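Below are the chains, spelled out letter by letter.
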Amino acid sequence: MPVNALSSENCINDAVIVIRSQNIHSEIVAAQVLSEEVEKRTGLKWTIDTKQGNYKNAIFLSSGNSFKSNGLNPEGYNLKINMEDGGCRISISALDARGVLFGVGKFLRLMEWSKGEVSIPVHLDITRSPQYPIRGHQIGYRATANSYDAWTPEIYEQYIRDLAMFGTNSIENIPLHAGDESMMKVTPEKMNIIISQICDKYDLDYWAWVPAGFDLSDETKRKQAISKQKKFFDETPRLDGVFLPGGDPGSNHPKLIMPYLTELYKYLVVKHPKAKLWLSLQDFDEEKIDYVFEYIDANMPEWLGGLVLGPATPPIAEMRKRLPEKYRLRDYPDVTHSCRSQYDVGWWDSALARTLGRECPNPQPLYYSTIHNWSAPYTDGFISYSDGMHDDLNKVLWSAKGWDQQADIREILKDYGRYFFRSDLAESVADGILALEDNWVGALVQKGSVETTLRFWEYLNQMAPELEANWRWQLFMLRARYDAYIRNRVIYERSLEEQVNEVLGKASETGAEKAIKKSEEILNLAITEPVASDLKAEIEKSAQFLYDSMGYQTSVKKYHAVGLNRGAIIDYLDMPMNNRLWLEDEFARISKLPSEAEKIKQLDVIRNWEKPGEGSFYDDLGTLDRSTHVVRGEGLDTDPLMKRNPNPGYWYWDEGFNRLRLSWLVSMDEPIAAVYDNIDASAEYDVWVTGYRVAQIKVNGTWVDPFVFSDEKGAVVKYHVPAEAVRSGKIVLNWGDPELTELWLIKK
């Protein structure tokens, strides 16, 4: 039967869910989940019964079965479907409680449905077990997150249930984090208990992230922290793991951390005898790292569950090699941030980096699948770092990959579309999500497919208007519109700046002040005659819906985001997409110059900034379409950590609201090289740069000192190119510690 087609031959609209006993908690919960989720989608009410009757259509749920010899492992399931004699018999069998729940999740992801109807394959017999034992996500109830602090217990439960349907078996909270509680519906203490109870209901592991962000040598603070931790342990109904980051926050030496954890364990095991403590080595230097491994080797502490990977920890292979086999290694992947993070978007267009910023709707199934498959074989699984609902697709992707590393990405995306949206849209949703990820590949101005992606999602929106009330759907609609809105503005506002340069080129004829006035009028068209206002209105409409429905805080002033870099993407909608602000300041400065000749000279500098003349070259180093001489390395598919393909960095001065030239906001500190072929071997050349911490650069392998130097932002630093380099006919530039933003090769 074709995908998305429903047929009366395999419809089961009046099924009975059969469990063995009302006393088997896992089967009751799994049956309730199945019944409730089917009703939400179809309106059908499948009853639950304990009688093994002769039903026409029945789904049998059972745990505690002996399937291990047939390849079924803990948390795995067997899903069998038989259509015969005009009826359907479905069995979901497992070794343990979780297996039944995960089997129900597979069934829900598999079924084709519409209002009043469910269709399934005629015959199916699959056995699945998870590949990695830890598959979880941090959903910390704290103000720092851009949405979680606004959630109700009901939202938390549904979200955790949804993750479990894709194979998640662990949830990590941040229960002891102080901060603004104005968005919270219940206190952190109460929500900690509630989330723990939710995890226990679904038999998911409950973890807590509990940093020691104080000086552990301060005995008073140490005692207070232990007392607070003990109270937390005692009040928490279920607790399976406690994770203390070595840094971010915290700066204690492991000489202090290890005794602290040893003491905490004495109180932890009183109520939670199976729970363990975990430690990351974030921001540890070599001496501290050695101390930890030497301590573990010498003491083999009972309290230690394992070590946690993350940003600024030792390399993953080294961690696994040095950690004794009895301890687990847990990944802590950042699936939530797009720049200034563990896994930055590769060569992200700077216009998107400045507006969508660090926390935005960021579905990246191809990239994160590559990262997972690269890191997972060294680990026992993961609990991801997340600061909001905006990364929902990435969480699902990691959960599915943690279950089966070889799982087909497109099939995961189809499951996502089928489960969360509409069965008949599964294929289209998969296409749409992949298109959104592709929007971020390459220079935005050269990416005409961004408009195609928008039209595709708008078409789906017309096909399924009821999904406008679905927050996950709105995240995708917001992203499709946001990408297109910024692209339209970049194209338009760049063209305005080109018009300004033409006006400045005639300043010697019209006069400097008249040229400046005309230029300012042109630049202000971005405000008085903006483009894509309809898209902006739709983006703001989605933001309002997401705040009302799920507490997504996309604005500091309007939606109470805790900070501009915490998902406040609406506050950046009107950021200039050209150098308007810098030009305004330059025009004001030039107007004060004493002579007309000086004014004309300075206006010429502005006009020719990116066009240094015949035989000379300019590169805006972090901008793809304006850095043609920068050599790039491998792609993300073979170099996911970008060790061999350095990535631009995006400065965040004044929280992004500054008046600097746009090219100064993106830097390259260690590119492979900038290469200039076929230069005039008979000429003389200088190299000019702007950047930060500028010092020596290397020209054809030789270090060169500047003959003009300044460390002010935007100042042009100049170097002579050695004659022997010019005579070679090819100039190769390298630099290390300096973070350069612009590069000129000037033919004199």
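Conventions we followed
Residues numbered from 1 in each chain as written. Predicted model: local features only at pLDDT ≥ 70, side-chain atom pairs only at ≥ 80, totals over all residues. Heavy atoms only, no water. pLDDT = per-residue confidence, 0-100. Contact = heavy atoms within 4.5 Å. Helix = DSSP H or I, 4+ residues; strand = E, 2+ residues; numbered from the N terminus. Buried < 20%, exposed > 50% of the residue type's maximum accessible area, 1.4 Å probe, protein only. Phe/Tyr/Trp six-rings, centres within 6.5 Å; stacked < 30°, edge-to-face > 60°. Lys NZ or Arg CZ within 6 Å of the ring centre and 35° of its normal. Polar contact = N/O pair within 3.5 Å; in protein donor to acceptor, adjacent residues only side chain to side chain. Salt bridge = Lys/Arg side-chain N within 4 Å of Asp/Glu carboxyl O. Pairing = 2+ DSSP bridges. Axes fitted to C-alpha atoms, helices over the stretch in contact; angles between N-to-C directions.

*Asks:* How should the confidence of the model for the protein be read in this particular structure?
*Replies:* A low pLDDT score tells you not to read the predicted coordinates there in detail. Scored by pLDDT, the protein comes out at a mean of 94, with 98% of its residues at no less than 70. Counting interchain partners and residues more than four positions distant, the pLDDT-below-50 stretch residues 1-8 has 19 contacts.

*Asks:* Before we go on, may I ask you to explain unusual backbone geometry in this structure?
*Replies:* Phi is mostly negative for residues that are not glycine, and the peptide bonds are mostly trans. Residue Pro 249 is reached from Asp 248 by a cis peptide bond, and omega for that bond is 0°. Position of Pro 249 among the secondary structure elements: in the loop between β12 (241-244) and α6 (254-271). A positive phi angle is found at Asp 248, which is not glycine, with a value near 55°. Within the element layout of this structure, Asp 248 appears in the loop between β12 and α6. Non-glycine residue Ala 312 carries a positive phi angle of around 60°. Inspection of the secondary structure puts Ala 312 in the loop between β14 (304-308) and α8 (316-322). In this structure Ala 312 comes out as partly exposed when scored by relative accessible area, which is 47%.

*Asks:* Even after reading the chapter, I still don't get the packing of aromatic side chains, so can you show me in this structure?
*Replies:* Using the criterion set out here, one finds 41 aromatic pairs in the structure. Between Tyr 416 and Phe 476, the aromatic rings sit 6.1 Å apart at their centres with planes inclined by 55°, giving tilted as the arrangement. Residue Tyr 416 is located in helix α12 (residues 409-420), and its partner Phe 476 is located in helix α15 (residues 471-504); the two are separated by 60 residues in the primary sequence. Across this residue pair, the class does not change: Tyr 416 and Phe 476 are buried. Ring plane angle 70° and centroid distance 5.2 Å describe the contact between Trp 651 and Tyr 692, whose orientation is recorded as edge-to-face. Pair noted here: Trp 651 is in the loop between β19 (649-650) and β20 (666-667) and Tyr 692 is in strand β22 (residues 685-692), with a separation of 41 residues, a long-range link. You can call Trp 651 partly exposed: its relative accessible area is 27%. Three or more aromatic residues joined by ring pairs make a cluster, and in this case those are Phe 166, Tyr 416, Tyr 419, Phe 420, Phe 421, Trp 457, Trp 473 and Phe 476. The cationic tip of Arg 41 hangs over the ring face of Tyr 419; the distance from NZ or CZ to the ring centre is 4.1 Å. Between the NZ or CZ atom of Arg 330 and the centre of the ring of Trp 207, over which it lies, the distance is 5.0 Å.

*Asks:* Hey, could you run me through the side chain of Arg 422 in this one?
*Replies:* In this structure, Arg 422 sits in the loop between α12 and α13 (426-439). A polar contact is formed between the side chain of Arg 422 and the side chain of Asp 424, at a distance of 2.9 Å. For Arg 422, the side chain forms a polar contact with the main-chain oxygen of Met 463, separated by 3.3 Å. When near neighbours in sequence (up to four residues on either side) are disregarded, Arg 422 contacts Trp 113, Gly 417, Met 463, Ala 464 and Glu 466.

*Asks:* Whenever I open this one, the pattern of salt bridges confuses me. Can you help?
*Replies:* For side chains of opposite charge, pairing can occur when their charged atoms come near one another. Under the criterion given, the structure shown has 62 salt bridges. Across the salt bridge formed by Glu 172 and Arg 330, the nearest N and O atoms sit 3.0 Å from each other. Within this pair, whereas Glu 172 is found in strand β10 (residues 170-173), its partner Arg 330 is found in strand β15 (residues 328-330), the two being separated by 158 residues in sequence. Residue Glu 172 is classed as buried on the basis of its relative accessible area of 0%. By relative accessible area, Arg 330 is classed as buried at 0%. With its nearest N and O atoms 2.7 Å apart, the salt bridge here joins Asp 431 to Arg 410.

*Asks:* What should I look at first to understand the environment of Cys 339 in this one?
*Replies:* Topologically, Cys 339 is positioned in the loop between β15 and α9 (350-355). Under the relative-accessibility criterion, Cys 339 is labelled buried at 0%. Each C-alpha atom of the pair Cys 339 and Pro 648 lies 9.6 Å from the other, and the pair is 309 residues apart in sequence. If we ignore the near neighbours within four places in the chain, the residues touching Cys 339 are Asp 344, Trp 348, Ala 353, Gly 357, Arg 358 and Tyr 650.

*Asks:* Please explain the sheet that holds strand β17 (residues 617-620) as it appears in this structure.
*Replies:* Pairing between the strands of a sheet comes from backbone hydrogen bonds, and it takes one of two forms, parallel or antiparallel. Pairing in this open sheet of four strands is antiparallel, and the strands run β17-β27-β22-β25 from one edge to the other. Edge positions in the sheet fall to β17 and β25 (717-720), since each has one partner strand and no second. Each strand axis lies, on average, 20° off the axis of its neighbour in the sheet, ignoring direction. Note: β22 against β25, four bridges, orientation antiparallel.

*Asks:* What should I look at first to understand the sheet that holds strand β16 (residues 381-384) in this one?
*Replies:* Spatial strand order, β15-β14-β13-β12-β11-β10-β9-β16: eight strands in an open sheet with parallel pairing. Only two strands of the sheet have a single neighbouring strand rather than two, namely β15 and β16. When strand polarity is set aside, the average angle formed by the axes of neighbouring strands in this sheet is 25°. In this structure, strand β13 (residues 276-280) lies alongside β14, joined through four bridges in parallel fashion. The residue bridging Leu 279 from the neighbouring strand is Leu 307, located in β14.

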